[in-house]
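Below, each chain spelled out in residue letters.
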Amino acid sequence: MRTRDPAWAAAITGCPVETIEAFARLVGEHKRAYFRLGYGFSRSRNGAVNMHAACSIPAVTGAWLHEGGGAFHNNGAIYHWNKTMIEASDLRDADVRALDQSRVGAVLCGDADALMGGPPVEAMLIQNTNPVSVAPDQERVKRGFARNDLFVCVHEQFLTETARMADVVLPATMFLEHDDVYQGGGHQYIQLGPKLIEPPGECRSNHEVICALAARLGASHPGFQMSPRELIDWTLRNSGWGTLAELESGRWIDCQPDFDTAHYVDGFAWPDKKFRFKPDWSGLETSGRTIKRWRRSGAVAAMPELPDHWAAIEEADAAHPFRLATSPSRNFLNSTFTEMPTSRGKEGRPQVMIHPEDAGAAGIADGDQVVLGNARGEVRIAARLFAGVRHGVLIAESIWPNAAYPDGRGINTLTGADAIAPMGGAAFHDNRVWIRREAIASRE
């Protein structure tokens, strides 16, 4: 649209018109232009719209047709796993609620919408996640986990903050202590992760715990009777990837489709082969099932029909003049590795990056203790002056344990848990805050 010119984009992004025009010229003049679109890109209230708009650019230019051109966000579909035996999906009851994990605080605090109109959650088994550190709206999460009438069992490798809230903690194996199979995240290979050592003490794998629970609950499924290696072999065979013996012999399986398929030379994966510049946001499907209307989130009807900017983010205002992103750090992965002395030593301490000119205006010096706040709460953290961030933007890298902060409130205290359109999830990088230098009480 003619109204969407570089000046319009500059006003939204803060990126100079000259830079936008130079980027557009690079994309337009180089047919092999390639867009690598990460997960953080979608962690905003308009993230799905942004992702679709970015993917639309190579469809317009024809970059998909060229080796090295196109766009990439996720290639999970190339593995076409049949997980029936692993997940017992053939016995799944579609009427049983599937609650949004990113809204676990609202769920545990009895929010009717988060509970989808159903009864309260009274018991939880937690594996492979650490919600008391990583879930948004942390104050509400902590209140929910502190309920006296909630039974929590955590299956973990470390005594995380979620494990500390549990009634029962079960020790879990690490990846060298059980057989598993892995798909690439950003590459195209299936790899075997064989068990190399015996687990210490009473550590058990996820599969062992689930099978033991099934036996005690009287649940029956062939998968519960299979060893991990038998499950891997069945899944490989029924997904079209051969046998476990063949995987062990070949060491990996290359799942990359041929060039014409990967680059949509014969059209996109729709019956009419056409790219959808006008997506049906309200009719999206996942896991082969249409999402029920009660799982819709946000103002789906207000989403742009065509690639565009959607003014749906949590904009800064007079009371909250900064926008905060909780971006990944180099030595942690969400809350993974935060228990490791080496990783913690390299990261040092929780810090928030602020542009030096913004810091100067607020009377903040490098290393000062500052307070970040919004309607969800306050967080005390050290300031790090860094000219690489935009004016008006704060970056707090990684998910440190809450205990690493002076008052025990982690950065996700400030993150909203409102479900974002069109299919839920959290806007981890889309929060407005204020910042001030913490007053240090004088000592006699």
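Residues numbered from 1 in each chain as written. Predicted model: local features only at pLDDT ≥ 70, side-chain atom pairs only at ≥ 80, totals over all residues. Heavy atoms only, no water.

A. Local environment of the overall build of the chain. Looking only at helices and strands, one finds 14 helices and 16 strands in the chain. Rg of the C-alpha trace for the chain: 24 Å, near the compact-globule value of 22 Å for 444 residues, within the 12% margin. Residues counted as buried form 39% of the 444 residues belonging to the chain. Looking at the chain alone, contacts between residues at least 24 apart form 67% of all its contacts between residues at least 6 apart. Just so you have it, the chain exposes about 24,600 Å², and 53% of that area is on carbon and sulfur atoms. (Helix = DSSP H or I, 4+ residues; strand = E, 2+ residues; numbered from the N terminus. Rg over C-alpha atoms; globule rule 2.2 N^0.38 Å. Buried < 20%, exposed > 50% of the residue type's maximum accessible area, 1.4 Å probe, protein only. Contact = heavy atoms within 4.5 Å. Areas by Shrake-Rupley, 256 points an atom, 1.4 Å probe, with all protein chains shown as cover.)

B. Broad picture of the pattern of salt bridges. Applying the stated criterion to the full structure yields 24 salt bridges. Among the ionic pairs, Asp113 bridges to Arg103, the shortest N-O distance being 2.9 Å. Taken together, the residues Asp113 in the loop between helix 5 (104–108) and strand 3 (123–127) and Arg103 in the loop between helix 4 (84–87) and helix 5 connect sequence positions ten residues apart. Under the relative-accessibility criterion, Arg103 is labelled buried at 15%. Linking Asp407 and Arg409 is a salt bridge whose minimum nitrogen-to-oxygen distance equals 3.3 Å. Residues joined in a network through salt bridges with shared partners are Glu139, Lys142, Glu378, Arg380, Asp407, Arg409 and Glu438. (Salt bridge = Lys/Arg side-chain N within 4 Å of Asp/Glu carboxyl O.)

C. Broad picture of the sheet that holds strand 13 (residues 369–374). If you walk around this closed barrel you meet the six strands as 11-15-12-14-13-16, and the pairing is mixed. Looking at each pair of strands side by side, their axes are set apart by 45 degrees on average, direction ignored. For strand 12 (residues 351–354) and strand 15 (residues 393–396), the ladder comprises two bridges, and the chain directions are antiparallel. Its bridge partner being in strand 15, Val352 is matched across the sheet by Ala396. (Pairing = 2+ DSSP bridges. Axes fitted to C-alpha atoms, helices over the stretch in contact; angles between N-to-C directions.)

D. Fine view of the side chain of Ser343. Inspection of the secondary structure assignment puts Ser343 in helix 13 (residues 341–347). Judged by its relative accessible area of 12%, Ser343 falls in the buried class. Once residues lying within four places of it in the same chain are set aside, the contact partners of Ser343 are Asn331, Phe332 and Phe337.

E. Spotlight on unusual backbone geometry. Of note, the bond from Ala421 into Pro422 is cis; its omega dihedral lies within 30 degrees of zero at 0 degrees. Its location among the elements puts Pro422 in the loop between strand 15 and strand 16 (431–437). For Asp137, which is not glycine, the phi torsion reads 55 degrees and is therefore positive. Following the sequence through the fold, Asp137 ends up in the loop between helix 6 (131–134) and helix 7 (138–145). Here the phi dihedral of Lys273 falls at roughly 70 degrees; this positive angle occurs in a residue that is not glycine. Along the chain, the position of Lys273 falls in the loop between helix 12 (259–262) and strand 9 (285–286).

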